[in-house]
Structures are given as structure tokens and as C-alpha cells.
Amino acid sequence: MTDRTDASTSGMDNHANEARSFAPPAPFAAQANVDADAYGLGADSERFWADQARAMLTWKTPFTQTLDWSQAPVARWFADGTLNAAHNALDRHVQAGNGDRVALYFEGEPGDTRQVTYAELLTEVSRAANALQSLGVKTGDRVVIYMPMLVESVVTMLACARIGAPHSVVFGGFSADALRSRIEDAGARIVVTADGGWRRGAPAALKPAVDEAIAGLDPSHPGVDHVVVVRRTGQEIGWTQGRDLWWSEALEAADTRHDPVFVEAEHPLFILYTSGTTGKPKGILHTTGGYLTQAAWTHWAVFDLKADSDVYWCTADIGWITGHSYVVYGPLVNGASQVIYEGTPDAPHRGRWWEIVQKYKVSILYTAPTAIRTCMKWGEQIPAQFDLGSLRVLGSVGEPINPEAWMWYRRVIGGGSTPIVDTWWQTETGAIMISPLPGVTATKPGSAQVPLPGIGATVVDDDAAPVPNGAGGYLVITKPWPSMLRGIWGDLQRFKDTYWSRFPGIYFAGDGAKKDQDGDIWLLGRVDDVMNVSGHRLSTTEIESSLVAHESVAEAAVVGAADETTGQAVVAFVIVRAQFAELVTDPAQAAALQEQLRNHVGKQIGPIAKPRRILIVPELPKTRSGKIMRRLLRDVAENRTVGDATTLADSSVMNLIARKM
Ligand code: 6R9
């Protein structure tokens, strides 16, 4: 960022003009778990987190030390305490008399269902832990999990945690290659998988990718001793005698009781790989005590969880950090009842999610902006067919949510009154960092707003000085936090270089952000998505928001394409709403709409932000976690051969887009 005054005068005007704000309904505020006092308590962050660690978790050995920052940037939280994550998620609820409470309402894509109580989950996790140990898994060994969204997936994660064997979940949509490199990097010798899972009405195989990954392992890897396979789809799969075994047989043979292995607070709980922009994926390492403290507290505070009455549903897959912190650890440590769903939102029909909300009376829903925009595209008549009256808190995560989608979420899904929490965090942060508190904050459409109590986050300029209200810069975290990553697996130097070298001593998140006149934080996308046009800084998010605010646009992605004169030029890719699709098949009509959209952006943000080109496309390239791959769009916009598209959810999308050029 070269000229930070620019940020407040050009590219960010659209957000700056966003003046709507919604105070929590009084009855909601009156019953909320957390009130405004929490911010005062959070000012002494170490004491605050020590209090939460004691309140939210059961310790085998109580800790006496809170934070040891002497080996910064590797933090140690609650280091002399011992605990077990699965014990906190299961045993203590059963011991407290809540064994009959439903932990998981599983909804399979084909419509099969299963309810699992805390007592039943404890039994199954105990069996699985015994089974893994009988296969040779010891405390400290890494276990790779490559599964769809099944009860067994949650069970496997907790079984690993129970024996102190860090898990590394690899998203089921990743290729054999991606799986192989993660097995290698983690040094895992056991893989838990399924024959496949159901996706859009058809079985999607998983086991063949495991076979291929193992066959391709580097000779320096000691080899995978066992593959445990859940039978889900019943499809034909290859079988390696002696190595492969069925989950059901392994568990049947195992004892239903298992003594958890109590570990030190800093014992590794899991490694989760993030798809880095270049080179080898980063294995983000999380440990036990601090991670669980922040996952549990944020889940309770941000979603206002009432464990004995809420039905919670987070739509994330366990392959992502959101699935770790807000499907497995946060909710189960808090004793919540939650829905897990195997399939896609449009199988067998586009109302499936809303049907699930109605069926289970879901009261807290946590999902991603891309899903909300997809539902907008399908039309509000679909959710209107279902009773969504049970919903009382809505959450958003994964990317900036444009005000248009936020308003739609509130009005169509939230009945016009439900608080929305836009939660900013990362795989690296482990848990939510910046978010409104639903009973406290007057929410603004499109802004994550405030660091949570006990969290130090701000926006700084190139010299690490906090920017004044109204200005933009880089998002940083200024104080260590309990669920922070403890490193990149096997690469301490890369950890230091990536996050701690840009601004020595403070954590650089890689996101651009601005503070509005009230000091609230607006996330503006990754720093590498910030464009610079003729010396004016423009945010991709800003222009996308503006485009999506136009009646004809369902989704938009904006990139900065290299330009000889202006440095970068704005190129927009848009998907039009269904009722405009017919219109744009006529070239003259399409040209007229493109011109209209350019002017619309010019009017909303300023002439500098007018896209030089607008391409009307049928789809956008997205990763499997729903993030738009702007890198590929830049290739198209700059007339280059399209680069590596292997992490796309649907690899055919780029052909569709290239044909539009
Ligand atoms: C939890 C998760 C992290 C990146 C992060 C940022 C973007 C996530 C956001 C958001 C704006 C939000 N991001 N939440 N941007 N507003 N509420 O998504 O982790 O997959 O590691 O991605 O996602 O750019 O840096 P992860």
C-alpha cells in the first residue's frame, strides 16, 4: 500500500456510504450470554483468557501459568495444565447427567438420518480410540482423515484427540496428489477414509484416491501401515490385504470403554493444511488447551449458545478450520446439539437447507457468503416455502460479505430481525477474532466490526502505525491469543517469515482492512486482491459489492489486470440473475447491460472504479471452500494461459469462462 489516504477517498466509498445499523432486539439483548462488560474484562487479556479456560474446560491438572511468550512468536498458553479434548467434548457431559442429550443430528444426502446422543458418541469414540491404538497408533502419531461429512468423521477426530494423536483432516474434495503431499508432510502412517460419499445424488469415491496417494508416496516416507474404511456408498473399491480394514469390523472388535490420555495443554491437537498460494501447503499446527478455550468461548459468546435449547448448524465441512472449531470442538465442548449434513444445498432440490432448518428447528445457522449469494441467485421464493421461524442467530464466515447479501440474509432467512454475526478469522487464528456480539453490537451490513474481548486487532499503515478512523491499511493482531497457531508443521522459519516479518512483533494476517468513522473494522479481502489503478487503491470487494447491488447481477468477481498505463485495470466477471439470462444472449443487449454496469459502479464508487471490461460468465472459479480464485481470472483477463486449476471445486468452469473471451 503506497498511499493510504487514497483508501478512504476512492475505493472504499461504497462501504463508507453504508450507514445502516441494526441494534440487537431488546429481548435478545436481555437474555444474551455476554453483555458489554465483557469488553472491559477483556482489557486484561491474559486474565480474561485464564478465566475462560477455567470456566469453559475441565482440566485434569489445573494450570498455574497463563501465557509464556518468552519464545515468541511461538506462544505457550496454560502450559503446566493437563487435559484431554475428547474428555472435554464428551465424558464430562455424560458425567454431568447430559448423556441423553443429542450431540449430532446427522442428515445424509440421500435422506438417511441418524441421531447420536452424547453417551452414544462417547461409546463410539471410545471404541474408535481402542481400535486405533490396537492398530499401533500412539500418542503423538499423526493420523490423516479423508472423509465426507459423516458421524464417523467426527468420531475419528475425537478418537485421535482421545489418544493424543494429532489428526490432519484432508478435505474429501482434494485430489490424490494433494492427499499424498499431506500424508508425506505430516509423516502419517494411518489413514481413515470411506468408500465414498453422496454428492448431488451420486456416490463420489474417496478410497481410490487414498490408494493412489499411498502408491505415489516418496520413498523417504516410511509407508502407510493401515487404511481404515467406513462403508458409506457401498461402491466397489480396491483392497490391499493386511493394510486395509473396515471401520465396522475394527470397531466391533474394540472395547466400549477407553481411558483418555491426558496431555499437556501445549500438546498438538491437529495439523490442518491451508492451500497456500504458491509452493507446498502450510501445515498449520494447533495445540490443545488454548485452542479449546477460544473455540469454546467464542462459540458460546458469538452465537449466544444455550446448550440445552438451541439447535445449532454450521454448514462447513470438517475439512476446513470452520469444521474443526465450529462443528467439532467448539460445539461439543459446549455440549450443544447440532445438525451435520453430508450433501450439497441443491440435492435433491434447492430448498434442502431450508427444509433441514425447518425439520430440526435450527436456531443458530453459520454459513458462508458464497452460499448466501447462491441462494439469492436461486430466488427468495425457495426459502419462503419453509418455516424458518426457529432461527435466532445467523453467522457468516470465509470472505467479506457484501452488504447486499447481508441484507438478504437478514430479511429472507432471518425474518428481518435476527442478529447477524460476520465473523473474521483464519485457519491460523484457530477461532473467531473479530465479530459483533449478538446481544451487544449494533450490526452494520458487511462489517465484522470489533475485535472480541481479549483480542487485540487493528489496522495499520506501512510503518505499523494504527490508521486513523476513516482510513485503510493492513489488518494485524497485536497480542498473542490462546488459539493462535503454534507454527507451520516442520518449518519454524516459514512461520516466522510468513506472519511475523512484515511488522516485527505483530501478526500480519494478509488481509486489507479499513476503519470507518466509528472505528469499526471492515475487511477488504486479501492484500493481494487489492488493486492499484493509476495510483488509486481499489478493493476488489468494494467493486464486487457495487456490482452485486445492481438488480441484474447475481455474483461478481473483480480482478486487477496488468495495464501499461494505469498499472492495473479493473476487470469484472459477472453472473446475471435468472431473469436477465435470456436478455444477454443477444449481443446488443449484453453490451448495453455491460455499459449500464460500468456506469453503475462509476456512480456508486467513482469513475476510477469503473471496470474497463465486464465479462458475463455462466460460473466463477471457486475453491472447494468457496473462495473465488482470482488468480485464474487474472490469467483470463491478461490473456494468459490459465494456470494451475487443480484446487478448483469444478475444473470445467475455466473452459466455460475462457469461451467467453
Ligand atoms: C475461517 C476461514 C481465512 C481468510 C482470511 C480472510 C477471509 C474469513 C472473513 C474473511 C472477511 C470475514 N475471511 N472470514 N474476510 N470477512 N468474516 O475462512 O479461514 O479458510 O483460513 O481463510 O478468509 O481473507 O484471511 P481460512
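Reading the values: the criteria
- Residues numbered from 1 in each chain as written.
- Predicted model: local features only at pLDDT ≥ 70, side-chain atom pairs only at ≥ 80, totals over all residues.
- Heavy atoms only, no water.
- Axes fitted to C-alpha atoms, helices over the stretch in contact; angles between N-to-C directions.
- Helix = DSSP H or I, 4+ residues; strand = E, 2+ residues; numbered from the N terminus.
- Parallel < 35°, antiparallel > 145°, perpendicular 65-115°, else oblique.
- Left-handed = near helix turned anticlockwise from the far one by under 90°.
- Contact = heavy atoms within 4.5 Å.
- Nonpolar A, V, L, I, M, F, W, Y, C, P; charged D, E, K, R; others polar.
- Near = heavy atom within 4 Å.
- Polar contact = N/O pair within 3.5 Å; in protein donor to acceptor, adjacent residues only side chain to side chain.
- Salt bridge = Lys/Arg side-chain N within 4 Å of Asp/Glu carboxyl O.
- Buried < 20%, exposed > 50% of the residue type's maximum accessible area, 1.4 Å probe, protein only.
- pLDDT = per-residue confidence, 0-100.
- Disulfide = S-S within 2.5 Å.
- Core = buried A, V, L, I, M, F, W, Y, C linked by side-chain atoms within 4.5 Å.
- Expected span 1.5 Å × (residues − 1).
- UniProt positions renumbered as here; feature names shortened; annotations may be inferred.
- Phe/Tyr/Trp six-rings, centres within 6.5 Å; stacked < 30°, edge-to-face > 60°.
- Lys NZ or Arg CZ within 6 Å of the ring centre and 35° of its normal.

Asks: Explain the packing of helix α7 (residues 118-134) against helix α8 (residues 151-163) here, please?
Replies: The axes of two packed helices give the description: the angle between them and the distance between them. Packing of α7 against α8 leaves a shortest axis separation of 8 Å and a crossing angle of 60 degrees. With respect to α8, the axis of α7 lies oblique. Crossing hand, α7 versus α8: right-handed. Together, L121, L122, E124, V125, S126, A128, A129, L132 and Q133 of α7 and E152, V155, L158, A159, C160, R162 and I163 of α8 make up the contact between the two elements. Residues that form the contact of α7 with α8 fall into these classes: 11 nonpolar, two polar and three charged.

Asks: What exactly am I supposed to notice about the site of the ligand here?
Replies: Near the ligand lie 16 residues; those nearest to it are D422, T423, T427, D511 and R526. E399 is positioned with one of its backbone polar atoms (N or O) 3.4 Å from a nitrogen atom of the ligand. At the level of elements, α13 (321-333) and β25 (521-526) are the ones that each hand at least two residues to the shell around the ligand.

Asks: Just to check I follow, could you spell out the environment of S175 for this structure?
Replies: Counting through the fold element by element, S175 comes out in the loop between β7 (167-169) and α9 (176-186). Sequence spacing of S175 and A209 is 34 residues, and the spatial spacing of their C-alpha atoms is 6.7 Å.

Asks: Whenever I open this one, the pattern of salt bridges confuses me. Can you help?
Replies: All chains considered together, the criterion is met by 34 salt bridges. The salt bridge involving E399 is made with R373; its shortest N-O contact spans 3.3 Å. Remark: R373 occurs in helix α15 (residues 369-378) and E399 occurs in the loop between β19 (393-396) and α16 (403-413); sequence separation between them is 26 residues. Taken as a pair, E399 and R373 share a single burial class, namely buried. Connected via shared salt-bridge partners are R373, K377, E399, E555 and K622.

Asks: Sorry, what's going on with the confidence of the model for the protein chain here?
Replies: Summary statistics for the protein chain give a mean pLDDT of 92 and a share of 93% for residues scoring 70 or more. Residue range residues 1-14 is modelled with pLDDT below 50. Its contacts to residues more than four positions away, or to other chains, number 43 contacts. Reported confidence for the predicted complex is 1.00 by ipTM and 0.86 by pTM.

Asks: Mind showing me how you'd approach the state of the cysteines here?
Replies: Working definition of a disulfide: a covalent bond connecting the sulfur atoms of two cysteines. Within the structure shown, the criterion is met by zero disulfides. Lacking any disulfide linkage, C375 is separated from the closest cysteine sulfur, that of C314, by 15 Å. Classification of C375 by relative accessible area gives buried; the value is 6%.

Asks: Explanation requested: the nonpolar core in the structure shown.
Replies: Considering soluble globular proteins, one finds that nonpolar side chains tend to be buried as a cluster. Ranked by size, the top nonpolar core spans 143 residues in total, and within it L121, L158, F303 and Y329 carry the most contacts. With nine residues, the top contributor of residues to this core is α8. Apart from residues no more than four positions distant in its own chain, Y329 is found in contact with A85, M157, L158, A161, H167, L269, F270, Y291, L292 and H324. Ranked by size, the runner-up nonpolar core spans 33 residues in total, among them V102, W354, C375 and I382.

Asks: I'm lost on α8 in this one. Help?
Replies: For α8, built from 13 residues, the straight-helix expectation of 18 Å at 1.5 Å per residue is met to within 8% by its first-to-last C-alpha distance of 19 Å. Phi turns positive, to about 70 degrees, at G164, one or two residues after α8.

Asks: Please explain the UniProt feature "binding site: CoA" (unreviewed entry) in the protein chain as it appears in this structure.
Replies: The positions UniProt marks with the feature "binding site: CoA" (unreviewed entry) are R199, R200, G201, A202, T322 and S534. A maximum C-alpha distance of 49.6 Å is found for the annotated residues, which run over 336 residues; spatially they are spread out rather than grouped. Setting aside chain neighbours within four positions, we find R199 in contact with E109, A204 and T344. Mapping T322 onto the fold places it in helix α13. Apart from the residues lying within four places of it in its own chain, the contact partners of T322 are C314, A316, V327, Y366, V397 and W425.

Asks: Looking at this model, I keep getting lost on the packing of aromatic side chains. Mind explaining?
Replies: Inspection of every chain in the model, using the stated rule, returns 33 aromatic pairs. Here W59 and F63 contribute two aromatic rings whose centre-to-centre distance is 4.9 Å and whose plane-to-plane angle is 65 degrees, an arrangement assigned as edge-to-face. Its relative accessible area of 13% is what places W59 among the buried residues. On the basis of relative accessible area, F63 is assigned to the buried category, the value being 4%. An aromatic cluster is defined as three or more aromatic residues linked by ring pairs; in this entry it consists of W69, W481, F495, Y499, W500 and Y507. It is R502 that lies over the ring of Y474; its NZ or CZ is 5.1 Å from the centre. Above the face of the W522 ring, K514 is positioned so that its terminal group lies 5.4 Å from the ring centre.

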